[in-house]
Amino acid sequence: MSTIHLHQTTTLTPAQYVAGLTDFGPGRSKVFGNSADEYLKVHSKGTHDADVTEGSGGIWERLRYDWSNPRRVVLTTTDSNTWGGASGYVYTFPRQPNGTTEIDVVIVREGKTLKGKVLGLVLGTIGRSVLKKAFENSVKAIETRNIAVRAAGA
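Keep in mind that this is a model prediction, so the values were computed, not measured.

**Description of the overall build of the chain**
The secondary structure content of the chain amounts to 4 helices and 7 strands. The secondary structure elements of the chain, listed N-terminal to C-terminal, are β-α-α-β-β-β-β-β-β-α-α. What you see for the chain is a C-alpha radius of gyration of 15 Å, in line with the 15 Å of a compact globule of 154 residues. By its C-alpha atoms, the chain is 50 × 30 × 25 Å across when sized along the principal axes. For the chain, with 154 residues in total, the buried portion stands at 42%. In the chain, of all internal contacts separated by at least 6 residues, the share reaching a separation of at least 24 is 46%. Carbon and sulfur atoms make up 57% of the accessible area of the chain, which amounts to about 8200 Å² in all.

As structure tokens, this is what we get:
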């Protein structure tokens, strides 16, 4: 099992980041590269939760999203062709006095197949940089989207 901690500072509010994280519409792969549109299936979506299957490159997982706490979003893996056990994500959003938001994410990867176990080891070591880059890109994409929305409203 691998546990990866990632961190990014952003000008987004927690609500803005959560809105991007929980936008399951077309084009999600432009924000989250590991969520290819052809894998995306929203089974249900409520006001503060969703049941979604997503993935890419032959790896998929069904996740239960819970954003009922405005300072924390939990994604729990409920099914996958690769991940099992304690797999999932926990995002937290400490606001800073200067108006920025710290986004902290803890990713747990517990392989349930041989492929998953090998990938879990890789992600916990040399693959961490791939996850870090994808996370940074998602934050930048949501920032860019929010700038465009503000400009359109001006």
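**Considerations on the pattern of salt bridges**
Under the defined criterion, the tally for this structure stands at 7 salt bridges. Its salt-bridge partner being Arg62, residue Asp51 comes within 2.5 Å of it at the nearest N-O pair. One end of the pair, Asp51, is in strand 3 (residues 49-56); the other, Arg62, is in strand 4 (residues 59-69), and 11 residues separate them in sequence.

**Focus: the layout of surface pockets**
Rolling a probe over the atoms, with the probe sized like a water molecule, indicates the empty space that remains. Of the voids in this model, the largest pocket is the one considered here, and its volume is about 660 Å³. Every residue lining the largest pocket is counted, 31 residues in all, and those nearest its centre are Asn34, Glu61, Tyr89, Arg109 and Leu131. Elements with a contribution of two residues or more to the lining of the largest pocket: strand 3, strand 4, strand 6 (88-92), strand 7 (101-109), helix 3 (114-124) and helix 4 (128-153). For the lining of the largest pocket, the residue count by class is 20 nonpolar, 7 polar and 4 charged.

**A look at the pairing of strand 3**
A large share of strand 3 lies buried, amounting to 7 of its 8 residues. One ladder, built from 4 bridges, connects strand 2 (residues 41-45) with strand 3; its direction is antiparallel. Across the sheet, the residue bridging to Lys45 is Ala50, located in strand 3. From the end of strand 2 to the start of strand 3, which pair antiparallel, there are 3 residues. For strand 3 and strand 4, the ladder comprises 8 bridges, and the chain directions are antiparallel. Its bridge partner lying in strand 4, Gly55 is registered against Trp60.

**Notes on the sheet that holds strand 6**
If you trace the 7 strands from one edge of the open sheet to the other, you get 1-7-6-5-4-3-2, paired in antiparallel fashion. Each having just a single partner strand, strand 1 (2-10) and strand 2 make up the two edges of the open sheet. Sheet twist, expressed as the mean angle between neighbouring strand axes with direction ignored, is 20°. In terms of strand pairing, strand 1 meets strand 7 through 9 bridges, oriented antiparallel. For Thr9, the partnering residue across the bridge sits in strand 7 and is Glu102. Packed on one face of the sheet, helix 3 meets strand 1, strand 4 and strand 7 and runs near 45° to strand 1.

**Side note on a nonpolar patch on the surface**
The grouping of Leu114, Val118, Val122 and Ile126 at the surface amounts to a nonpolar patch, some 410 Å² of accessible area in total. Mapped onto the fold, Val118 is located in helix 3. Residue class for Val118 comes out partly exposed when judged on its relative accessible area of 46%.

Rules and cut-offs
- Residues numbered from 1 in each chain as written.
- Predicted model: local features only at pLDDT ≥ 70, side-chain atom pairs only at ≥ 80, totals over all residues.
- Heavy atoms only, no water.
- Helix = DSSP H or I, 4+ residues; strand = E, 2+ residues; numbered from the N terminus.
- Rg over C-alpha atoms; globule rule 2.2 N^0.38 Å.
- Buried < 20%, exposed > 50% of the residue type's maximum accessible area, 1.4 Å probe, protein only.
- Contact = heavy atoms within 4.5 Å.
- Areas by Shrake-Rupley, 256 points an atom, 1.4 Å probe, with all protein chains shown as cover.
- Salt bridge = Lys/Arg side-chain N within 4 Å of Asp/Glu carboxyl O.
- 1 Å grid on protein atoms, 1.4 Å probe; cavity = no way out; pocket = protein on both sides within 12 Å on 5 of 7 lines; lining within 4 Å.
- Points joined across faces, edges and corners; volume = space filled by probe spheres on them.
- Nonpolar A, V, L, I, M, F, W, Y, C, P; charged D, E, K, R; others polar.
- Pairing = 2+ DSSP bridges.
- Axes fitted to C-alpha atoms, helices over the stretch in contact; angles between N-to-C directions.
- Patch = residues over 30% accessible without salt bridge, like charges linked within 9 Å, V, L, I, M, F, W, Y side chains within 5 Å.

Remember that the coordinates give geometry; whether it matters functionally is a separate question.
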